[in-house]
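What follows is each chain in one-letter form.
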Amino acid sequence: MATAAAASASEAEAEPKAGPKAEGEEVEAKEARTRRKVLSRAVATATYKTVGPEWDQQEEGLSINVYDYNCHVDLIRLLRLEGELTKVRMARQKMSEIFPLTEELWLEWLHDEISMALDGLDREHVYDLFEKAVKDYICPNIWLEYGQYSVGGIGQKGGLEKVRSVFERALSSVGLHMTKGLAIWEAYREFESAIVEAARPIAGFLSPFDREQTFDSQLEKVHSLFRRQLAIPLYDMEATFAEYEEWSEDPIPESVIQNYNKALQQLEKYKPYEEALLQAEAPRLAEYQAYIDFEMKIGDPARIQLVFERALVENCLVPDLWIRYSQYLDRQLKVKDLVLSVHSRAVRNCPWTVALWSRYLLAMERHGVDHRVISVTFEKALSAGFIQATDYVEIWQAYLDYLRRRVDFKQDSSKELEELRSAFARALEYLKQEVEERFSESGDPSCLIMQNWARIEVNVSDTLSVSSPFEGPLSDSVTEAESGSQARLCNNMQKARELWDSIMTKGNAKYANMWLEYYNLERAHGDTQHCRKALHRAVQCTSDYPEHVCEVLLTMERTEGTLEDWDIAVQKTETRLARVNEQRIKAAEKEAALAQQEEEKVEQRKRARAEKKALKKKKKTRGSDKSKADEDDEKEWGDDEEEQPSKRRRVENSVPPAGEAEPGPEARPGLCGGSAPAAAEPPSEQQEQRAAARRRDAPRVPHDSSKDGVTVFVSNLPYGLREPATTLRPLFEACGDVVEVRPIFSNRGDFRGYCYVEFKEEAVALRALELDRQTIEGRPMFVSPCVDKSKNPDFKVFRYSTALEKHKLFVSGLPFSCTKEELEEICKAHGTVKDIRLVTNRAGKPKGLAYVEYENESQASQAVLKMDGMTIKENVIKVAISNPPQRKAPEKPEARKAPGGAMVPRQIYGARGKGRTQLSLLPRALQRPSATAAQAENGPAPPLPATEVPKMSNADFAKLLLRK
C-alpha cells in the first residue's frame, strides 16, 4: 500500500501537465476521506450505544446488555458500509442473542456469510446459522434458501441425505402454507427430478435388480412428492395436477384423484380467510384472529400451529397472541421441545410482559427442566425491565410458588426448604431496594409475599407436629417426639409472628382485615394467649372498621375467656369506640367549618362583585338619550347577572321584529326634543339591544327529554359568539340532517355558552359526538350525549380511558409554547406515534400536559427510558406510563353524616340551587330537637319507641304562638 502510494505520487510529479485532472481526483479523495471520517464517527456512536465503550476488547466488549433494537440495526448497517466484516459478524451475533431477527436481517446475514464461505468448515458455520434463523419465525424464504444452499454441498459426504433432510423439515414447517408453501414443494420436486434425469441415461445398461434399486426407487420418490402435494390445499393446485398428468407415464391412481378433489374442497373453505389477508394491510391482526378461530373449530393441530406462526411474524410484539398460542400448546399438544421453544421465543419478543415469564416458568416446571435452568430463566426475567412494580411482585410470587412445590415438608430440614426461606428473604430485600427505588413503591402494599411466607412456616410446623400412631411400650418415646415437634412448632410459629409484626409496621395496622387474617392464623395454629394479644392490638390500631374488631374480641372472650378477661375486653372496646366517635365528631365539625368558610368566601366574592358593579356604574358616562326609567330597568336586570347591562354581548337575531320599522335620525328626539345628538348609540348596538330584549321576553321552551336519543348537548362555547345557531348549523350538518339548533340565553338575552342540537336520526347524533373538542373561535367545544342528570345522577362523559395503558405515555412539565408537531418530532425517534393529545383547559389554553400513544408497549417503555428528564425549551419534562388516578365518586345526595355520626337526609335544592333565604317558617314553639338514638355497642342503633302525637285544637295553637 505504501509503495503504491509512493508510485502514484511520483507519477503525479512526473506529469505536471495533468494538473486539472489531478486536482479533481484530489478533491474526490478528500471528499471520500471526509465521508469515511463521518462514517467512522457514526459507527463509534452506534457502537457505544449498543455494546458499550469497550468495543476493541473483542468478546469482553460485548458484555453490556442494551435493549435498543434500532441501535443494533443502525450499527450493523454502518459497519457494513464501512466494510468491517468481522465487527459486523460480532454485532449481528450480539443482536441475535438479545432479539429475534426478522426475515430480512437473517437473509442479509446469510448472504454475507455465504459469500465469505470458502471451505467445508465455513459451510458448517453457514449451516449452523441457517438452523438459528429458522427458529426465530416461520420464514418460507429462509427455508427455500436453506434447501438451495444445501444442494451445493451434495458432493460432500452425506450431502444427499442432508439435502433431503432439510427439504423434509421445510415441508413439515411451511409445507401447509397456502400461498408460499408451493415454492418449497416445487424446489424439492425439481431436486429429485434432476436426480432421475441424471440416472436415466445409464438405466438401460443396468440389470433389473440394480434398476429397481436405483432408478425405479428414485422415480417413486418423485411420484410420492406429487401425491403428497396434491393432497394438501394449496394455491395453484390445478397447475400442479396438470404437470403430474404430463410427467407421469402411467395413469394417475383413483385414490390420488380423490385426495386431490378433497383438497380442492378444503381450499374453497380457506380462500375467504386467505383473500382477507391478501386485501388487508399489515399487521392484519383482526384477520389472523378470525383465521385462528376458524382453524381452532376444525381442530387440525398442524394447521393451527401454522396459522399462529404466520400471525406472529407480523404481530410479534402482541403479548396476548403469544399467550393464546402458548396456552394452546400447553393444554393440547404438550410436546416438550415445541412448548418450551414457543415460550422462549415469546419472552424474547415481549420481555416486558410478566405473564409470559410466569407461564414460561410453569412450563419448564411442568416438563421437568433442571432446577438450575429454571433459576437462570428467573434471573433473566428480573432483568427484563418490567414497567410496573406489581409485575416484579408477580414474577417473584411465581418463582416462590415453584420453590415451595419442591420442598418435602415431611422432613425436619432440607436443602430445598432453606433455599425457599432464603428466596423469601431475597424477594423482600429486592422489592425494598430495587423496585421501591425505581417506582417509589414496593408493588406489594398488602405484603402478600410476607403473608405467604408466614403461612408456609405454619405448614412446616403442622407437618412436623403430626402425632405418632404408636401406643404401648413406645409411649415415652412418642411423648418425647411430640414435645420435640411442639418445640419446632413454636419456633416456626414464632417466625410467622415476626413476619406479621413486620407486615403491620408497613402501614397495614390500620386495616381490620389484616388483623383478622393474623387472628385467624393464630386461631388455627397458635394459642389463645396470642389470639387475645393480637385482638387487643387490633382494637387499639384499627381505624377503618373498629366496631368489627371489637365485636370479634368480645365474641372470643364470651366463649373462651374468664370474667377478668371479659371485663378487660369490655373496658378496652368501650374506651376505643368512645374515642373513635369523638374523632368522628371532630372530623365532622371540621368539615362543617370548612364548608362554612367556603360559603363565606363565596358570599365575600359576591359582595366584591356587587361593589365592583356599583363602582363601574358610577364611573360610566351615560348617553343623553337615556331616561331615568331605562336606568332603573337596567339596574333591575343587572341584579341577576354578573356583567353590567351596558356591556351587552353581541348576539344573534339583531333584526327587529316584522312590522316594526327602525326610526330614522329625524324620528329620534334629543334631550330638548330636537334633532338627535352626535353622541347617540350606533344603529347596530340598538338592534342588538332589541334582539336581546326580544330573546329576554320570548317564552322559555322546555327541553323534550323524549328526544334525547337524537339530540346532543354542546357546551363550553364562547359567550361572545354572534348568532350561535347560524354558526353551529353548518358544522353539524356535515354529520347529517339537523332539525334544530337551540341556543340557551340568560334573562337579559345574553348567550350562556351552551345549546342543544337536534337531528332527524339517532345515527347522525352519534356521528356528531366525534366533533367533541373541535375549536370554535379559539375555544374547545364539548359535545356530549343529551342525558337527564336528575334521572341519571352518576352519568359522566369522558372519552378517554382512565385505566392503565402500557402503550400510552403521560408527559408533564411541557412548556406552554410547545406544539403538537414539535412534540411528535421528539417522540417519533423512539417508535411509531399513533396519536398525541395536548391537554388544555376549558378556554383552550395548554396546561403543559400531553398523552402520547405508541404502536406497542415496547416502544412506549423505550420512550420512557429515553425521554424522562429531557429538557424541552428550558423545561425538564417527566414521562411515565399512562395510569390516571381513580376518579373520586361524588357524594350521594341522599344521605350524609351528621356531627354525631348518624345518617341524616341531605337537603335537596331545586333547579336554581340554594334559595336566598334559609329561614324556617315553622314557629320555634313547634320545633322539636331531632334526638338521635344511641348507637348499639357493635351493631345498629335500636329503633325509637313509637309515640303518638296528641291532637291539638286551634286554641292550643294560639296559646303556643302567643306564649313568650
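Residues numbered from 1 in each chain as written. Predicted model: local features only at pLDDT ≥ 70, side-chain atom pairs only at ≥ 80, totals over all residues. Heavy atoms only, no water.

(A) Structural context of the overall build of the chain. Within the chain, the regular secondary structure consists of 33 helices and 13 strands. With 964 residues in all, the chain has 36% of them scored as buried. As displayed, the chain offers around 57,500 Å² of accessible surface, 52% of which is attributable to carbon and sulfur atoms. (Helix = DSSP H or I, 4+ residues; strand = E, 2+ residues; numbered from the N terminus. Buried < 20%, exposed > 50% of the residue type's maximum accessible area, 1.4 Å probe, protein only. Areas by Shrake-Rupley, 256 points an atom, 1.4 Å probe, with all protein chains shown as cover.)

(B) Representation of unusual backbone geometry. For the bond from Ala 282 to Pro 283, the omega torsion is 10 degrees, close enough to zero to count as cis. Note that Pro 283 resides in the loop between helix 12 (254-279) and helix 13 (285-298). If you check the backbone angles, Cys 447 has positive phi at about 55 degrees while not being a glycine. Among the structural elements, Cys 447 can be located in the loop between helix 20 (415-439) and helix 21 (448-464).

(C) Representation of the sheet that holds strand 4 (residues 774-776) in the model. Reading across from one edge, 2-3-1-5-4 is the order of the five strands in this open sheet, with antiparallel pairing throughout. Edge strands, defined here as strands with exactly one partner in the open sheet, are strand 2 (738-745) and strand 4. The mean angle between the axes of side-by-side strands here comes to 30 degrees, regardless of whether they run parallel or antiparallel. By the bridge criterion, four bridges tie strand 1 (residues 711-715) to strand 5 (residues 779-785) in an arrangement that is antiparallel. Considered in strand 5, the bridge of Phe 713 is made with Ser 784. (Pairing = 2+ DSSP bridges. Axes fitted to C-alpha atoms, helices over the stretch in contact; angles between N-to-C directions.)

(D) A look at the sheet that holds strand 6 (residues 805-812). Judged by pairing direction, the sheet is antiparallel, and its four strands sit side by side in the order 7-8-6-11 without closing on themselves. Across the chains shown, the open sheet's two edge strands, defined by having one partner strand only, are strand 7 (833-840) and strand 11 (878-882). Across the sheet, the axes of successive neighbouring strands diverge by a mean angle of 25 degrees, strand direction being ignored. Sheet topology places strand 7 next to strand 8 (residues 846-854); seven bridges connect them, and they run antiparallel. Looking at the pairing, Val 839 lines up with Leu 849 of strand 8. Strands strand 7 and strand 8 of the sheet are contacted by helix 31 (residues 820-827), whose axis makes an angle of about 140 degrees with strand 7. Across the face of the sheet, helix 32 (residues 857-867) comes into contact with strand 6, strand 8 and strand 11 while running at roughly 25 degrees to strand 6. (Contact = heavy atoms within 4.5 Å.)

(E) Quick look at the environment of Glu 238. Secondary-structure assignment places Glu 238 in helix 11 (residues 237-247). Excluding residues within four positions of it along the chain, Glu 238 makes contact with Tyr 260 and Leu 264.

(F) Quick look at the side chain of His 830. Within the secondary structure, His 830 is located in the loop between helix 31 and strand 7. Those residues in contact with His 830 that lie beyond four places of it in its chain are Tyr 854, Gln 859, Ala 863, Lys 866 and Met 867.

(G) Fine view of the packing of aromatic side chains. Evaluation of the coordinates by the stated rule reveals 32 aromatic pairs. Taking 5.1 Å as the distance between ring centres and 5 degrees as the angle between the ring planes, the aromatic pair formed by Phe 167 and Tyr 188 counts as stacked. One end of the pair, Phe 167, is in helix 8 (residues 159-174); the other, Tyr 188, is in helix 9 (residues 181-203), and 21 residues separate them in sequence. Of the two residues, Phe 167 and Tyr 188, neither departs from the other in class, the shared state being buried. (Phe/Tyr/Trp six-rings, centres within 6.5 Å; stacked < 30°, edge-to-face > 60°.)

(H) Molecular detail of helix 29 (residues 724-733). Restricting attention to buried positions, one finds in helix 29 the residues Pro 724, Ala 725, Leu 728 and Phe 732. One side of helix 29 carries all its buried residues, which in axial view fall inside an arc of 80 degrees. Check the buried side of helix 29 and you find it contacts strand 1, strand 2, strand 3 (751-759), helix 30 (762-768) and strand 5. (Arc of directions from axis to C-beta.)

(I) Broad picture of the packing of helix 18 (residues 371-382) against helix 20. Two elements in contact, helix 18 and helix 20, have axes separated by 14 Å at closest approach and are oriented at 5 degrees. By the criterion of interaxial angle, the relationship of helix 18 to helix 20 is roughly parallel. Across the interface between the two elements, His 371, Phe 378, Glu 379 and Leu 382 from helix 18 touch Glu 419, Arg 426 and Tyr 430 from helix 20. Residues of the contact of helix 18 with helix 20, tallied by class, amount to three nonpolar, one polar and three charged. (Parallel < 35°, antiparallel > 145°, perpendicular 65-115°, else oblique. Nonpolar A, V, L, I, M, F, W, Y, C, P; charged D, E, K, R; others polar.)

(J) Geometry of the nonpolar core. Of all hydrophobic cores here, the largest spans 149 residues; its most connected members are Ile 142, Trp 357, Ile 395, Trp 396, Leu 400, Ile 449 and Trp 500. For Leu 400, the residues in contact, after removing those within four places along its chain, are Leu 420, Ala 423, Phe 424, Ala 427 and Ile 449. (Core = buried A, V, L, I, M, F, W, Y, C linked by side-chain atoms within 4.5 Å.)

(K) Expanded view of the pattern of salt bridges. Applying the stated criterion to the full structure yields 38 salt bridges. Between Arg 92 and Glu 108 there is a salt bridge whose closest N-O contact spans 3.2 Å. Of this pair, Arg 92 sits in helix 4 (residues 85-98) while Glu 108 sits in helix 5 (residues 103-116), and the two are 16 residues apart along the sequence. The shortest N-O distance in the salt bridge between Arg 426 and Glu 379 comes to 2.7 Å. Of this pair, Arg 426 sits in helix 20 while Glu 379 sits in helix 18, placing them 47 residues apart in sequence. (Salt bridge = Lys/Arg side-chain N within 4 Å of Asp/Glu carboxyl O.)

(L) Looking closely at the side chain of Glu 853. In this fold, Glu 853 is placed in strand 8. Here Glu 853 sits buried without a salt bridge, and the closest side chain of opposite charge, Lys 834, lies 4.1 Å off (N-O distance). Among the polar contacts made by the side chain of Glu 853, one reaches the side chain of His 807 at a distance of 3.3 Å. The residues contacting Glu 853, other than those within four sequence positions of it, are His 807, Lys 808, Thr 832, Val 833, Lys 834 and Asp 835. (Lys, Arg positive; Asp, Glu negative; His and termini not counted. Polar contact = N/O pair within 3.5 Å; in protein donor to acceptor, adjacent residues only side chain to side chain.)

(M) How the structure looks around the environment of Arg 767. Structurally, Arg 767 is set in helix 30. Remark: the alpha-carbon pair of Arg 767 and Gly 736, spanning 31 residues in sequence, is separated by 8.4 Å.

(N) Just the packing of helix 15 (residues 319-333) against helix 17 (residues 354-366), in detail. Across the interface, helix 15 lies against helix 17 with an axial gap of 10 Å and an inter-helix angle of 15 degrees. Relative to helix 17, the element helix 15 lies roughly parallel. The chirality of how helix 15 crosses helix 17 is left-handed. Residues Pro 319, Trp 322, Ile 323, Ser 326, Gln 327 and Asp 330 of helix 15 touch helix 17, and the partners they reach there are Ala 355, Leu 356, Arg 359, Ala 363 and Arg 366. (Left-handed = near helix turned anticlockwise from the far one by under 90°.)

(O) Main features of the confidence of the model for the chain. Taken residue by residue, the chain gives an average pLDDT of 76. The fraction at 70 or more is 70%. Per-element mean pLDDT across the chain ranges from 38 in helix 1 (residues 2-14) up to 95 in helix 17. Confidence drops under pLDDT 50 across residues 464-491; counting only partners more than four residues distant or on other chains, this segment forms 16 contacts. (pLDDT = per-residue confidence, 0-100.)

(P) Seen up close, the environment of Asp 708. Here Asp 708 is to be found in the loop between helix 28 (683-697) and strand 1. Excluding residues that lie within four positions of it along the chain, Asp 708 makes contacts with His 703, Cys 786 and Asp 788.

(Q) The arrangement of the state of the cysteines in detail. Taken as a whole, this structure holds zero disulfides when the rule is applied. With no disulfide of its own, Cys 818 has Cys 827 as its nearest cysteine by sulfur position, at a separation of 8.6 Å. On the basis of relative accessibility, which here comes to 7%, the residue Cys 818 falls in the buried class. (Disulfide = S-S within 2.5 Å.)

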